Number of protein chains: 2
Amino acid sequence: MRQKPKILNIKTIARTRMFHIEKMDIEFHNGQRREYERLNPPGNGSVLVVPMLDAQTVLMIYEYSGGTDKYELALTKGRIDAGETPLEAANREIIEEIGYGAQQLSFVKTLTIAPGYQSNFTHIILAQDLYSASAKGDEPEPLKVVEHKLSTLETLVYNEDLTEARSIAALYMVREIIKNQR
Amino acid sequence: MRQKPKILNIKTIARTRMFHIEKMDIEFHNGQRREYERLNPPGNGSVLVVPMLDAQTVLMIYEYSGGTDKYELALTKGRIDAGETPLEAANREIIEEIGYGAQQLSFVKTLTIAPGYQSNFTHIILAQDLYSASAKGDEPEPLKVVEHKLSTLETLVYNEDLTEARSIAALYMVREIIKNQR
């Protein structure tokens, strides 16, 4: 692997309630210099959970998404709170969002969404052996929970309400994991 | 589908060279109000290209990524320039980044990366029937191009240098498309 570029300088150039933007001066091994901007959110990253009601049935949600200003079909996601492990955060999120906890939680893979200009990480967690449980989250309205079958994944990924890359990647990875569990 | 929440107000609260942050006041159908922040980049979105050297061999790149401060293994990506179609942008990007153009370019799906707080879209484009071609892009150093086989995808997705959700989702979708082309 190549020698990594040097970060000559990093400074914060904007900060809002939700976003923290940094400017970096980068020097590549060949002497080329570039100015990069990136989002560097505080915190411990987030989780995206694949909750399986049985070996074929995944529970997904419709949630209003401010970025695209529409209801998006996706998997349950959320920030990891201070002091929580990723598995604990995953269980809390499905209890709050879909009304189930999980006896079995397994780490699948840590994904990025735009590593060129964002530092955040999303841990994909598979949730199995579900039990009914609920708790109040901070959602402005109850989320609509829907069931989909992994056997229909090749069609589901073309559903126009399902656009989020992390959810699509996670569904494919979990389909393979579950196939190998049998 | 539910009635969409109302956007009561949108205003720009920060703007840097690369990022444009908006604050939205949202009212849900049940009367609940929330303040959302989102990234709303100007422009026409971006493309992510899956260039196939043959029915099994995908060309990927290692590129320094400022967000994670490491070399990431990913598919070729880039912004769509003014006046370009997504397919034209895809061809330009692979010519600049991997040294091939494509006789056959097909639209796969439009993905989002974080629809809750980002409005940007990425069009996934499959590139086939490649021909040698090169042009200078704006990269600070030549990108390292590597070949991977779709038959090894189940192992490749666990490669720790491959973390980007869009690339993983696109590889799975293209594997299925190519299987059906035979």
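Note that the structure is predicted; figures quoted are calculated from it, not measured.

Peer 1: Could you give me a rundown of the pattern of salt bridges, with the residues and numbers involved?
Peer 2: Side chains that differ in charge, positive against negative, can pair when their charged atoms come close. Under the counting rule described, the total for this entry stands at 32 salt bridges over all chains. When the shortest N-O distance is used, the salt bridge between Asp-69 of chain B and Lys-4 of chain A registers 3.0 Å. Taken together, the residues Asp-69 of chain B in the loop between strand E5 (57–65) and strand E6 (70–74) and Lys-4 of chain A in the segment before strand E1 (6–15) connect one chain to another. The partner of Arg-166 of chain A in a salt bridge is Glu-164 of chain A, and the shortest N-O contact between them spans 3.0 Å. The buried category is assigned to Arg-166 of chain A, whose relative accessible area is 4%. Classification of Glu-164 of chain A as buried rests on a relative accessible area of 1%. Overlapping salt bridges, with partners in common, bring together Asp-81, Glu-84, Arg-92, Glu-93 and Glu-96 of chain A in one network.

Peer 1: Outline the sheet that holds strand E7 (residues 76–79) of chain A, supporting the account with residue identities and numerical values.
Peer 2: All names here are of chain A. In space, the four strands of this open sheet follow the order E7-E4-E9-E8, with mixed pairing throughout. Each having just a single partner strand, E7 and strand E8 (100–111) make up the two edges of the open sheet. On average, each strand axis in the sheet is inclined to that of its neighbour by 25 degrees, with strand direction left out of account. Pairing geometry for E8 and strand E9 (residues 122–132), over ten bridges, is antiparallel. If you follow Ser-106 over to E9, its bridge partner there is Leu-126. Against the sheet, helix H1 (residues 86–98) makes contact with strand E4 (46–51), E7, E8 and E9, and its axis sits at roughly 125 degrees relative to E8, the strand it touches most.

Peer 1: Let's hear about the confidence of the model for chain A: which residues, and what values?
Peer 2: Residues at a pLDDT of 70 or more form 99% of chain A, whose mean pLDDT is 96. Reported confidence for the predicted complex is 0.97 by ipTM and 0.97 by pTM.

Peer 1: I'd like a rundown of the sheet that holds strand E6 (residues 70–74) of chain A, residues and numbers included.
Peer 2: Residue and element names in this part refer to chain A. Read from one edge to the other, the open sheet built from three strands follows the order E6-E5-E10, with strand pairing classed as antiparallel. Every other strand in the sheet has two partners, leaving E6 and strand E10 (144–149) as the edge strands with one partner each. The sheet shows a mean angle of 30 degrees between the axes of neighbouring strands, direction not considered. Where strand E5 (residues 57–65) and E6 come together, five bridges link them in antiparallel fashion.

Peer 1: If you had to explain the domain arrangement of chain A to someone new, which residues and values would you point to?
Peer 2: Residue and element names in this part refer to chain A. Taken domain by domain, chain A comprises domain 1 (6–39) and domain 2 (46–181). For domain 1 versus domain 2, the separation of C-alpha centres amounts to 31 Å. Counting residues at the interface gives five residues for domain 1, matched by five residues for domain 2. For the pair domain 1 and domain 2, the summed buried area comes to about 350 Å², and 47% of that belongs to carbon and sulfur atoms. Where domain 1 meets domain 2, there are zero salt bridges. On the surface where domain 1 and domain 2 come into contact, there are two residue pairs in polar contact (both at pLDDT 80 or more). Looking at side-chain class alone, the side of domain 1 that touches domain 2 contains three nonpolar, no polar and two charged residues.

Peer 1: Now, about the interface of chain A and chain B: what can you tell me, with residues and values included?
Peer 2: Each partner contributes residues to the interface: chain A has 72 residues there, and chain B has 72 residues. Here chain A meets chain B over a buried area of about 6,400 Å², counting both sides, of which 59% is carbon and sulfur. One salt bridge connects Glu-141 of chain A with Arg-2 of chain B, and the closest N-O pair in it is separated by 3.5 Å. Linking chain A to chain B there are 45 residue pairs in polar contact (both at pLDDT 80 or more). Here the side of chain A that touches chain B gets nine residues from one element, more than from any other, and that element is helix H3 (residues 165–181) of chain A. Classifying every residue of the side of chain A that touches chain B by side-chain character gives 35 nonpolar, 16 polar and 21 charged.

Conventions and cut-offs
- Residues numbered from 1 in each chain as written.
- Chains lettered and ligands numbered in written order.
- Predicted model: local features only at pLDDT ≥ 70, side-chain atom pairs only at ≥ 80, totals over all residues.
- Heavy atoms only, no water.
- Salt bridge = Lys/Arg side-chain N within 4 Å of Asp/Glu carboxyl O.
- Helix = DSSP H or I, 4+ residues; strand = E, 2+ residues; numbered from the N terminus.
- Buried < 20%, exposed > 50% of the residue type's maximum accessible area, 1.4 Å probe, protein only.
- Pairing = 2+ DSSP bridges.
- Axes fitted to C-alpha atoms, helices over the stretch in contact; angles between N-to-C directions.
- Contact = heavy atoms within 4.5 Å.
- pLDDT = per-residue confidence, 0-100.
- Domains from an automatic or database assignment.
- Buried area = accessible area lost by both parts, 1.4 Å probe.
- Polar contact = N/O pair within 3.5 Å; in protein donor to acceptor, adjacent residues only side chain to side chain.
- Nonpolar A, V, L, I, M, F, W, Y, C, P; charged D, E, K, R; others polar.

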